[in-house]
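Architecture and fold: a report
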Amino acid sequence: KEIMTLADVRKKIGEHLKTTLDIEDFSIDFAKQEKYFLDDKEVWRVNVGYVDIIGKTELCASAAFTIDAITGGVREFWKGRAWRF
């Protein structure tokens, strides 16, 4: 199987954000393909930015993902955090 392209990653992250946070509009602020530290499998580490609406207030928010580089499955997810470059 082939490693996902960045376009594939954006689509998969969009699916995960819609499912977990009901977010459709987001930006990818950081993306890096690398080996996962626990099992040496290929992953994408991705930071996303989006607008979080609390009542009538719009706030800039972030989330960090680690997804499997072949299947797109979520390995790690943190709301309000970001990977360090």
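Scroll up to find the structure.
Being a predicted model, the structure only gives us computed values, none of them experimental.

Assigned secondary structure in the protein chain consists of 1 helix and 4 strands. Secondary structure elements of the protein chain, listed N to C terminal, follow the sequence α-β-β-β-β. Each of the three principal axes of the protein chain carries a C-alpha extent, and together these read 45 × 20 × 15 Å. With 85 residues in all, the protein chain has 35% of them scored as buried. Look at the contacts in the protein chain between residues 6 or more apart in sequence, and 41% of them connect residues 24 or more apart. With the model as given, the accessible surface of the protein chain reaches about 5,700 Å², and the carbon-plus-sulfur share is 52%. Across the protein chain, the 14 positively charged side chains and the 15 negatively charged ones have centroids separated by 3 Å.

Below, the discussion takes up helix α1 (residues 6-21). Between the first and last C-alpha of α1 there are 21 Å, a value that for 16 residues agrees with the 22 Å anticipated at 1.5 Å per step. Packing partners of the buried residues in α1 comprise β1 (26-35), β2 (42-54), β3 (57-68) and β4 (74-79). Following α1 by one or two positions, aspartate 22 adopts a phi angle in the positive range, close to 55 degrees.

One can find threonine 5 in the segment before α1. Threonine 5 gets classed as partly exposed once you look at its relative accessible area, which sits at 42%.

A sheet is described by the order of its strands in space; here 4 strands give the open sequence β1-β2-β3-β4, paired in antiparallel fashion. Lying at the two open borders of the sheet, with one neighbouring strand each, are β1 and β4. In this sheet, neighbouring strand axes are inclined to one another by 20 degrees on average, regardless of whether the strands run parallel or antiparallel. Pairing geometry for β2 and β3, over 12 bridges, is antiparallel. Following the sheet pairing, valine 51 is matched in β3 by cysteine 60.

What counts as what
- Residues numbered from 1 in each chain as written.
- Predicted model: local features only at pLDDT ≥ 70, side-chain atom pairs only at ≥ 80, totals over all residues.
- Heavy atoms only, no water.
- Helix = DSSP H or I, 4+ residues; strand = E, 2+ residues; numbered from the N terminus.
- Buried < 20%, exposed > 50% of the residue type's maximum accessible area, 1.4 Å probe, protein only.
- Contact = heavy atoms within 4.5 Å.
- Areas by Shrake-Rupley, 256 points an atom, 1.4 Å probe, with all protein chains shown as cover.
- Lys, Arg positive; Asp, Glu negative; His and termini not counted.
- Charge placed at Lys NZ, Arg CZ, Asp CG, Glu CD.
- Expected span 1.5 Å × (residues − 1).
- Pairing = 2+ DSSP bridges.
- Axes fitted to C-alpha atoms, helices over the stretch in contact; angles between N-to-C directions.

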